[in-house]
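# Structure at a glance
Each chain is listed here by its residues.
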Amino acid sequence: MSFSTAILTNGPGQTQEVGRVIGEQSQPGDIFLLTGPLGAGKTCLTQGIASGLGVSGYVRSPTFVLATRYQGRLTLHHMDLYRISGAEEAWDLGLDEQLFGGGICIVEWAERAAEIFPPESLWTELDHVDSGDQRSISFIDWPDRYRTVLEQLSTAFPSPQTSNEVNS
Ligand code: ADP
Ligand code: MG
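Not measured: the values here are computed from a predicted model.

## Some remarks on the overall build of the protein
Broken down by element type, the protein carries 5 helices and 8 strands. Beginning at the N terminus, the succession of helices and strands in the protein can be written as β-α-β-α-β-β-α-α-β-β-β-α-β. Its C-alpha atoms give the protein a radius of gyration of 15 Å, near enough to 15 Å, the size a compact globule of 168 residues would have. Nonlocal contacts in the protein, meaning residues at least 24 apart in sequence, comprise 67% of its contacts between residues at least 6 apart. Within the protein, the 21 negative side-chain charges are centred at a point lying 7 Å from the centre of the 10 positive side-chain charges.

## Topic: the pattern of salt bridges
Tallied over the entire structure, the rule returns 6 salt bridges. Measuring nitrogen to oxygen at the nearest pair gives 2.4 Å for the salt bridge that ties Glu24 to Arg20. One end of the pair is Glu24 and the other is Arg20, both in helix H1 (residues 12–25) and 4 residues apart, which spans about a single turn. Overall, the relative accessible area of 41% leaves Glu24 in the partly exposed class.

## Quick look at the coordination of the magnesium ion (ligand 2)
Protein-derived coordination of the magnesium ion (ligand 2) comes from Thr43 (OG1) and Glu108 (OE), at a distance range of 2.2 Å. Here Thr43, found in helix H2 (residues 42–52), pairs with Glu108, found in strand E5 (residues 104–108); they are 65 residues apart in sequence, far enough to count as distant.

## Structural notes on the site of ligand 1
Thr15, Gly39, Lys42, Cys44 and Asp133 are the nearest of the 16 residues found near ligand 1. Within the side chain of Thr9, an N or O atom sits 3.0 Å from a nitrogen atom of ligand 1. Taking 560 Å² as the accessible area of ligand 1 by itself, protein coverage stands at 74%. Elements supplying a minimum of two residues to the shell around ligand 1: H1 and H2. If one sorts the elements of the shell around ligand 1 by residue count, H2 sits on top with 3 residues. Split into classes, the residues belonging to the shell around ligand 1 amount to 5 nonpolar, 7 polar and 4 charged.

## Quick word on the environment of Leu33
Mapped onto the elements, Leu33 comes out in strand E2 (residues 31–35). On the basis of relative accessible area, Leu33 is assigned to the buried category, the value being 0%. With 52 residues separating them along the chain, Leu33 and Ser85 place their C-alpha atoms 17 Å apart. Among all residues touching Leu33, those that are not within four sequence positions of it are Val107, Ala110, Phe117, Ser121, Leu122, Trp123 and Thr124.

## Focus on the packing of H1 against H2
Relative orientation of the contacting elements H1 and H2 amounts to 40°, with a least axis distance of 6 Å. Judged on the interaxial angle alone, H2 and H1 are oblique. Between H1 and H2 lies a crossing of right-handed hand. Within the contact between the two elements, H1 uses Pro12, Thr15, Gln16, Val18, Gly19, Arg20, Ile22, Gly23 and Glu24 and H2 uses Cys44, Leu45, Gln47, Gly48, Ile49, Ser51 and Gly52. Here the contact of H1 with H2 is built from residues that sort into 6 nonpolar, 8 polar and 2 charged.

## Section: the nonpolar core
Phe139 and Leu153 are the most contacted members of the largest nonpolar core, which has 45 residues in total. Excluding anything up to four places from it in sequence, Leu153 contacts Ile7, Val18, Val21, Ile22 and Phe139.

## Describing the pairing of strand E7 (residues 135–142)
With 6 of 8 residues buried, E7 lies mostly within the body of the structure. One ladder, built from 6 bridges, connects strand E6 (residues 122–128) with E7; its direction is antiparallel. From the neighbouring strand, Asp127 faces E7, where its bridge partner is Ser136. Counted between consecutive antiparallel strands, the loop separating E6 from E7 contains 6 residues.

About the cut-offs
Residues numbered from 1 in each chain as written. Chains lettered and ligands numbered in written order. Predicted model: local features only at pLDDT ≥ 70, side-chain atom pairs only at ≥ 80, totals over all residues. Heavy atoms only, no water. Helix = DSSP H or I, 4+ residues; strand = E, 2+ residues; numbered from the N terminus. Rg over C-alpha atoms; globule rule 2.2 N^0.38 Å. Contact = heavy atoms within 4.5 Å. Lys, Arg positive; Asp, Glu negative; His and termini not counted. Charge placed at Lys NZ, Arg CZ, Asp CG, Glu CD. Salt bridge = Lys/Arg side-chain N within 4 Å of Asp/Glu carboxyl O. Buried < 20%, exposed > 50% of the residue type's maximum accessible area, 1.4 Å probe, protein only. Donors = N, O, S within 2.8 Å, 3.2 Å for Na, K, Ca; no water. Near = heavy atom within 4 Å. Polar contact = N/O pair within 3.5 Å; in protein donor to acceptor, adjacent residues only side chain to side chain. Areas by Shrake-Rupley, 256 points an atom, 1.4 Å probe, with all protein chains shown as cover. Nonpolar A, V, L, I, M, F, W, Y, C, P; charged D, E, K, R; others polar. Axes fitted to C-alpha atoms, helices over the stretch in contact; angles between N-to-C directions. Parallel < 35°, antiparallel > 145°, perpendicular 65-115°, else oblique. Left-handed = near helix turned anticlockwise from the far one by under 90°. Core = buried A, V, L, I, M, F, W, Y, C linked by side-chain atoms within 4.5 Å. Pairing = 2+ DSSP bridges.

Below, the structure is given as structure tokens:
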């Protein structure tokens, strides 16, 4: 059984707030795989997750350094695969420590290397809704380990188009 849920936000502050709730609830080993076009809010959501984990300091997109490590309640690895050519190159980077080291892992542009991630990851799709400040954040087929945080999120951020679908 799997679930999907979508949240609409009306500005960067709200997207960060969604992230903060996720970060507060995160457990060691959580992997958040973020997809969506430039400007959809992937880094913004990451900033919120970092703040929920108690990371102090500013989180920027690690596009040029590929992976950045932050220390909060747990270690946060923030990666950006925008410049990667495909899964093979991602394998060569040796992401074992980031993915399986007991911290939290957030990967922007994860679809560039989809097959390297374990099934217990949370695919999170961000997108523009209109030409303004509205964004959608969709959690796709969430594995059971993310159930509590996502149920909490859909209660905290009830948007008109929130859908809770059960696909068995
Ligand atoms: P990405 O990492 O997906 O390329 P960023 O998080 O770096 O996107 O940038 C998102 C941009 O969109 C920021 O400039 C932010 O201020 C703006 N923005 C406007 N509305 C929102 C929203 N609802 N959620 C997130 N970002 C928003
Ligand atoms: Mg980004």
